[in-house]
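Per-entry structural report
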Amino acid sequence: LAYNDARTVLEPAGALAVAGMKKYVEETGIKGATLVAITSGANMDFDRLRFVSERADESEKTLAVTIPETPGSFRSLYSLLWPRNVTEFSYRYEEAGAASVLLSFQPLPGTSTSTTTSTTSTGNNNNNNN
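Cut-off values and rules
Residues numbered from 1 in each chain as written. Predicted model: local features only at pLDDT ≥ 70, side-chain atom pairs only at ≥ 80, totals over all residues. Heavy atoms only, no water. Helix = DSSP H or I, 4+ residues; strand = E, 2+ residues; numbered from the N terminus. Expected span 1.5 Å × (residues − 1). Core = buried A, V, L, I, M, F, W, Y, C linked by side-chain atoms within 4.5 Å. Buried < 20%, exposed > 50% of the residue type's maximum accessible area, 1.4 Å probe, protein only. Pairing = 2+ DSSP bridges. Salt bridge = Lys/Arg side-chain N within 4 Å of Asp/Glu carboxyl O. Polar contact = N/O pair within 3.5 Å; in protein donor to acceptor, adjacent residues only side chain to side chain. Contact = heavy atoms within 4.5 Å.

A look at helix α2 (residues 12-28)
Here α2 is 17 residues long and its end C-alpha atoms lie 24 Å apart, about the 24 Å a rise of 1.5 Å per residue gives. Downstream of α2 by one or two residues, Gly29 has phi in the positive range, about 70 degrees.

Quick look at the structure:
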């Protein structure tokens, strides 16, 4: 809609006004009225759109954890994910003795990924769920 009219790619939050207006028109059956939706998207370009669309499908899952800042901690974390492919990795030393890790991985084919698991350390957990 906005791209065809103004060559603007709406960011997800900016497109929300258009989605709400379209739903309102569907539910009320309003016709012949002038409606206005305030949108935004100047900071959305095609590179950013690719980044957003990559995270919108089910081919990757993102996980944020805090691990101890000790030798072997990352190896312990990765052993919980093996044999899944890690596709994105970010490491931040946050405070003495702890590091924040954000990573994306590909779930194993044919497995369910509908459950969410949260953890704050990498112990000797041999759980092989996605």
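Observations concerning the nonpolar core
In terms of nonpolar packing, the biggest core is built from nine residues, these being Leu63, Val65, Ile67, Leu77, Leu81, Ala99, Val101, Leu103 and Phe105. Where this core is concerned, the elements lending two or more residues are β1 (61-68), α4 (73-81) and β3 (98-105). By residue number, the principal contributor to this core is β3, which donates four residues.

Describing the pairing of strand β2 (residues 86-95)
Here eight bridges tie β2 to β3, and the two strands are oriented antiparallel to one another. Residue Glu88 lies in a different strand from β3, and its bridge partner there is Ser104.

Some thoughts on the pattern of salt bridges
Applying the stated rule across the entire model yields one salt bridge. We note a salt bridge from Glu27 to Lys23, for which the minimum N-O separation is 3.7 Å. Of the two residues, Glu27 and Lys23 are both situated in helix α2; the distance of four residues between them amounts to about one turn of the helix.

Re the environment of Glu58
Position of Glu58 among the secondary structure elements: in the loop between α3 (46-54) and β1. The exposed category is assigned to Glu58, whose relative accessible area is 56%.

Overview of the side chain of Ser104
Examined against the element boundaries, Ser104 turns out to sit in strand β3. A distance of 3.1 Å separates the side chain of Ser104 from the side chain of Thr62, its partner in a polar contact. Ser104 has contacts with Glu60, Lys61, Thr62, Asn85, Val86, Thr87 and Glu88, leaving out every residue within four places of it along the chain.

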